Amino acid sequence: MAGTDGEEIEDLPPSAKLVFKVLEYDGPLTQKQIVEESMLSARTVRYALERLEDIGIVDEDVYFADARQSLYELDEDAMAAAEGCAEQGTCAE
């Protein structure tokens, strides 16, 4: 799953991988919801989301229930690539 700048999810810190997995299992969430699900600090989640956005894996949208927050979800292409590498067994652990 290569990103736009050549960085891959395997190269990211463990916190970013955890945020990726939380979004993969729970679907679109706000930053606050990701903090609750992952048990990471808000600052760590912000940094992880920033890294994931930088490589094009996470999209940020408006959270209509509370416009002061953003809704984060995995990019559909990223999900397809993640499923493909899992099926082939080529994902780095």
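Rules and cut-offs
Residues numbered from 1 in each chain as written. Predicted model: local features only at pLDDT ≥ 70, side-chain atom pairs only at ≥ 80, totals over all residues. Heavy atoms only, no water. Helix = DSSP H or I, 4+ residues; strand = E, 2+ residues; numbered from the N terminus. Expected span 1.5 Å × (residues − 1). Buried < 20%, exposed > 50% of the residue type's maximum accessible area, 1.4 Å probe, protein only. Arc of directions from axis to C-beta. Contact = heavy atoms within 4.5 Å. Pairing = 2+ DSSP bridges. Axes fitted to C-alpha atoms, helices over the stretch in contact; angles between N-to-C directions. Core = buried A, V, L, I, M, F, W, Y, C linked by side-chain atoms within 4.5 Å.

Novice: Explain helix 3 (residues 42-54) to me, and be specific about the residues and the numbers.
Specialist: Under the 1.5 Å per step criterion, the end-to-end length of helix 3 is 18 Å for 13 residues, consistent within 8% with the ideal 18 Å. Considered for burial, the residues of helix 3 that qualify are Val45, Ala48, Leu49, Arg51 and Leu52. One side of helix 3 holds all its buried residues, which, seen down the axis, span an arc of 160°. Tucked into the core, helix 3 has its buried residues touching helix 1 (14-26), helix 2 (31-38), strand 2 (58-62) and strand 3 (70-74). Directly after helix 3, the chain includes Gly56, whose backbone phi takes a positive value near 80°.

Novice: Go over unusual backbone geometry with me, naming the residues and quoting the values.
Specialist: In this structure, Met39 takes a positive phi of about 60° despite not being glycine. Tracing the backbone through its elements, the reader meets Met39 in the loop between helix 2 and helix 3.

Novice: Any details on the sheet that holds strand 3? Residues and values, ideally.
Specialist: Sheets are built from strands paired through backbone hydrogen bonds, the pairs being either parallel or antiparallel. Reading across from one edge, 1-3-2 is the order of the three strands in this open sheet, with antiparallel pairing throughout. Taken across any chain shown, the strands that pair with only one partner, and hence form the sheet edges, are strand 1 (29-30) and strand 2. The sheet contact formed by strand 2 and strand 3 spans five bridges and is antiparallel. Within the sheet, the bridge partner assigned to Val62 lies in strand 3 and is Ser70. Seen against the sheet, helix 3 touches strand 2 and strand 3 and runs at an angle of roughly 110° to strand 2.

Novice: A description of helix 2 should follow, citing residues and the corresponding values.
Specialist: Burial in helix 2 covers these residues: Gln31, Ile34 and Ser38. One side of helix 2 carries all its buried residues, which in axial view fall inside an arc of 55°. The outward face of helix 2, more than 90 degrees from its buried face, is lined by the exposed residues Lys32 and Glu36. Packed against the buried residues of helix 2 are helix 1, strand 1, helix 3 and strand 3.

Novice: Kindly report on the environment of Gln31, identifying the contributing residues and their values.
Specialist: Mapped onto the elements, Gln31 comes out in helix 2. Note: C-alpha distance between Gln31 and Arg46 (15 residues apart in sequence) is 7.4 Å. Contact partners of Gln31, with chain neighbours within four places excluded, come to Ala42, Val45, Arg46, Leu49, Ser70 and Tyr72.

Novice: With reference to specific residues and values, describe the nonpolar core.
Specialist: Of all hydrophobic cores here, the largest spans 18 residues; its most connected members are Val19, Leu23, Ile34, Leu49, Leu52, Ile57 and Val58. Those elements giving two or more residues to this core turn out to be helix 1, helix 3 and strand 3. If one sorts the elements of this core by residue count, helix 1 sits on top with five residues.

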